[in-house]
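What the coordinates show
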Amino acid sequence: MVGKTISHYTIIEKLGEGGMGVVYKARDTKLDRTVALKFLPPHLTQSEEDKQRFTREAKAAAALNHPHICTIHNVDEHDSNQFIVMEYVDGVTLRDNITSSPLDKWGLQGGLSIDTAISYAIQIAEALSVAHDKGIVHRDIKPENIMIDSKDRIKVMDFGLAKIKGSMNLTRSGSTVGTARYMSPEQIQGGELDARSDIWSFGVVLYEMLTGQAPFQGDYEPALLYQILNESPSPIDRYRDDVSEELEKCILRMLEKEPDARYDSFQSVIKDLQKYIGEEVSSKKPESKPDQNGMSVAVIDFQNITGHGDDEWLAGGIAETVTVDLSKISSLRVVSREKVLKSLAQYSDEKLSDRQVINIGQKQNVRWMAWGAYQKMEVGFVSRHTSPMSRRVI
Ligand SMILES: Nc1ncnc2c1ncn2[C@@H]1O[C@H](COP(=O)(O)OP(=O)(O)OP(=O)(O)O)[C@@H](O)[C@H]1O
Ligand SMILES: [Mg+2]
């Protein structure tokens, strides 16, 4: 494609590829400006009805004119491939920005500064507020669909596309955990969507901007969807201690399972967020938190690194022995084997990551996790311990 001229657009380079096609940087030779072209997969717009729907959605999105919305200039067709001509954004996605934020002291992805996160959030909220006023719900707010240009301004991308994408039934396939992570409970359940569904997804994005972590993190789609529908996000002070309780309450209100309990519009979101610009919160209760759990430990199955499946039985065997031994220490609360097995059930047949071990510890509300690996040697095993409260692995 690069170097080709399609209609009056000369393709300069490939910018990226998402679930819905490829995006190129191009030169509009008529108007002499740089644009971005997004080619949709042909099967999406095959029938006349599909094409009409695509044009309808693009038309509605093209009517949006706002500094924080990526402008749609045109839609066109080449070799029966539909493509969208849009403003070229010289910048990076919010996803790139979050993943390049410094790691925290425990080696996990950190978040953005509070001021940066709130400033981006307000710009995103302004864009969405304008769209909602015109009756357009975005439906696919996620860090991949938000760009930050070279002047540090937000551009919200892909308005109108989620409806077309919905027809691909992507959410049913396992490859879309990335997108499902931002879906509201009513979206998962196939309900009617209004502005409040975007408020939910926006809440997920804001949580992630602040902590570097998504509030709902199941590794498999069923676990993730279960969490979105039933569980509360981990408290933010698990990740950082300078976010005020008021700001956290604000985010939790966006993440209410019931749409009625959320903010009813982005205007009220903006009003609240403005209060937190420049807010400085000194450590809330950093040191006392782990002590609330007293001395407590959960022992999880050890990992078989002998290279022999026959030795697998030892995984639970060692954990059981260690559990029994630790239980003899009267000042120590040891989580029962039964409870640990229940937690482990959702990660069956997998090598647990540090993050998953920490998650199990947080669920069991323990201060320490004990686990390790064993191999065939004269001498026993290597063990590791984790503190879920501080998320340290030592
Ligand atoms: N208008 C644009 N200007 C500059 N770069 C763009 C533009 N639109 C998209 N991109 C780049 O192309 C990449 C792919 O975008 P695309 O929307 O196809 O994928 P996605 O957002 O990851 O997935 P989805 O298909 O769910 O939207 C983006 O990550 C971004 O880097
Ligand atoms: Mg996109």
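Heads up: these notes are all about the structure in this document. Worth saying up front: this structure is predicted, and the values here are computed from it rather than measured.

Thresholds applied
- Residues numbered from 1 in each chain as written.
- Chains lettered and ligands numbered in written order.
- Predicted model: local features only at pLDDT ≥ 70, side-chain atom pairs only at ≥ 80, totals over all residues.
- Pairing = 2+ DSSP bridges.
- Helix = DSSP H or I, 4+ residues; strand = E, 2+ residues; numbered from the N terminus.
- Axes fitted to C-alpha atoms, helices over the stretch in contact; angles between N-to-C directions.
- Expected span 1.5 Å × (residues − 1).
- Buried ≥ 20, exposed ≤ 12 C-beta atoms within 10 Å, placed from the backbone.

1. A closer look at the sheet that holds strand E8 (residues 146-149)
- The sheet built from three strands is open, its strands ordered E7-E8-E9 with antiparallel pairing. Both edges of this open sheet fall to strand E7 (91-93) and strand E9 (154-156), since each of them pairs with a single strand only. For this sheet the average axis-to-axis angle between neighbouring strands, irrespective of direction, equals 30°.
- Judged from the three bridges that link them, E8 and E9 form a sheet pairing that is antiparallel.

2. As for the sheet that holds strand E3 (residues 21-28)
- Across the sheet, six strands lie side by side as E1-E2-E3-E4-E6-E5; this open sheet has antiparallel pairing. In this open sheet, the two strands that pair with only one neighbour each are strand E1 (5-6) and strand E5 (72-78).
- Relative to strand E6 (residues 81-87), E5 is paired through six bridges, and the arrangement is antiparallel. Bridge assignment links Val75 to a residue of E6, and that residue is Ile84.

3. A short note on the pairing of strand E13 (residues 368-374)
- Pairing of strand E10 (residues 296-299) with E13 involves three bridges; the strand directions are parallel. Bridge pairing in E13 links Ala298 to Met369.
- Two strands pair when backbone bridges link them, and strand E11 (residues 303-304) and E13 are joined in this way by two bridges, in the parallel orientation. Each residue of the ladder has a partner; that of Asn304, found in E13, is Tyr374.

4. What about helix H7 (residues 195-211)?
- Its 17 residues give H7 an end-to-end C-alpha distance of 25 Å, which sits within 8% of 24 Å, the value for a rise of 1.5 Å per residue.
- Of all 17 residues making up H7, 17 are buried, and the element is well covered by its neighbours.
- Directly beyond the C-terminal end of H7, a positive phi value near 75° is found at Gly212.

Without other data, these values stay purely geometric and don't point to any function.
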